[in-house]
Amino acid sequence: MKHTTISSQEMRSVLASLFTKHGFSKEQANTLARIHTESTVDGIYSHGINRVPVFIDYVKQGLIKIDNTASKVASLGSIERWNGNKASGVLNALKCTDRAIDLAKTHGLGLVALRNTNHWMRGGTYAWRVAEQGCISILFTNTIPNMPAWGGKENRIGNNPLVIGIPRKNGHVILDMALSQFSFGKMQSLALNDQELPFEGGWDNNNNLSKDPKAIIDSGRALPVGYWKGSALSMVLDMLATLLSAGNSSYKIGLEEKETSLSQVFLCIDPTTFSDTELQDKLLNEIIQFTHDSTPMTIGDRTFYPGERTLTKRAKSLKEGMQVNTEIWEEIHQLLS
């Protein structure tokens, strides 16, 4: 596959023009362009630049309501319910993230449960945002059913991403994981580059576990991380997102032709509620150092804490530009013309 080197400034400019062309306000377009670019800078092409054509397709179909915004429907102290009104998943998630931060700064803990929203792209986006405000985050969303529950054949559960962020002076800790062994976005990125998965990631149409991302995408059946454990965790996160938001479950989402009207949870904790922030940083560093001191299984290799490699990738991309799939970049320019 051919690649084109793109700077973050160029990508943001092109995407802002694209989103403006398709009806978003200048402010919204700039925000969407920044979020998609930042995900790409961090190496998450699957939920950055590669996702843009799908996003525009959703806008054209009216699945993303560009004139709508998220609105609060219920409040009880530090807990709120919001309706996304099928607006942009990114814009909704940013709004609810900021609201959860505000609640945490007021009460020590804040929870916003959001229903009727669209794909939030990279979940880690919001954990980084929360960490920059000095708060801990636990965030999750449900999805269309795209994995079999353990022991079953048909898709009954979602790869429901789970995101946990912990602020730290020397580099925030950010866990961003789908509950499939590999997200479909990651598999699509590898398929675009004709690459295999490093481990089995799902079933092919012959019911065999496979490393071929194209075969797994074709079957639509991803492998739960941790096998039966991931299957159970997926179900529980779906239950929590559905109950707290009074929104759609993966079952209900799957009844629609396209993945829309999702349910999400944004939980933030302000650690400064306790007057021992120096101790907190010390404890985090002890855990990270203990892990870093582990003897590598392969000479020259090492261990990392969640989010550590993202910082390295970010610095490299900002300095050297991003290697974007040429076909994707050309498709985006066609959408702009």
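All values derive from a computational prediction rather than experimental measurement.

Draft legend 1. Main features of the side chain of T310. On the secondary structure map, T310 appears in helix α11 (residues 308-320). Contact partners of T310, with chain neighbours within four places excluded, come to D42 and W128.

Draft legend 2. Broad picture of the environment of Q9. As for its placement among the helices and strands, Q9 is situated in helix α1 (residues 8-21). Q9 sits in the exposed class, given a relative accessible area of 57%.

Draft legend 3. Seen up close, the pattern of salt bridges. For the coordinates displayed, the defined rule picks out eleven salt bridges. Two residues, R314 and D42, come together in a salt bridge whose shortest N-O distance is 2.8 Å. With R314 in helix α11 and D42 in the loop between α2 (26-41) and α3 (52-61), this pair connects stretches of sequence that are 272 residues apart. Among the residues examined, R314 registers a relative accessible area of 25% and is labelled partly exposed. The class for D42 is buried, based on a relative accessible area of 6%. Look at the salt bridges and you will find they share partners, linking D42, R122 and R314 into a network.

Draft legend 4. Representation of helix α10 (residues 277-292) within the structure. The end-to-end C-alpha separation of α10 is 22 Å, in line with the 22 Å expected for 16 residues at 1.5 Å each. Along α10, the residues that are buried comprise D281, L284 and I288. Buried positions in α10, seen along its axis, are confined to an arc of 65 degrees and lie on one side of it. Seen from the open side of α10, the exposed residues pointing more than 90 degrees away from its buried face are E278, I287 and F290. Where α10 is buried, its residues meet β8 (162-166) and β9 (173-177).

Draft legend 5. Seen up close, α2. The terminal C-alpha atoms of α2 lie 22 Å apart, and with 16 residues this matches the ideal 22 Å at 1.5 Å per residue to within 8%. Packed against the buried residues of α2 are α1, α3, α4 (89-107), α5 (124-132), α11 and β14 (322-325). A positive backbone phi angle near 90 degrees is found at G43, which sits one or two residues after α2.

Draft legend 6. Spatial organisation of empty space enclosed by the protein. Enumeration over the complete set of coordinates arrives at one cavity of 30 Å³ or more. Space inside the largest cavity adds up to approximately 60 Å³. Every residue along the wall of the largest cavity is listed here: R51, V54, F55, Y58, I64, G89, N118, H119 and M121. Top element by residues in the lining of the largest cavity is α3. It accounts for three residues. Looking at side-chain class alone, the lining of the largest cavity contains five nonpolar, three polar and one charged residues.

Calculation rules
Residues numbered from 1 in each chain as written. Predicted model: local features only at pLDDT ≥ 70, side-chain atom pairs only at ≥ 80, totals over all residues. Heavy atoms only, no water. Helix = DSSP H or I, 4+ residues; strand = E, 2+ residues; numbered from the N terminus. Contact = heavy atoms within 4.5 Å. Buried < 20%, exposed > 50% of the residue type's maximum accessible area, 1.4 Å probe, protein only. Salt bridge = Lys/Arg side-chain N within 4 Å of Asp/Glu carboxyl O. Expected span 1.5 Å × (residues − 1). Arc of directions from axis to C-beta. 1 Å grid on protein atoms, 1.4 Å probe; cavity = no way out; pocket = protein on both sides within 12 Å on 5 of 7 lines; lining within 4 Å. Points joined across faces, edges and corners; volume = space filled by probe spheres on them. Nonpolar A, V, L, I, M, F, W, Y, C, P; charged D, E, K, R; others polar.

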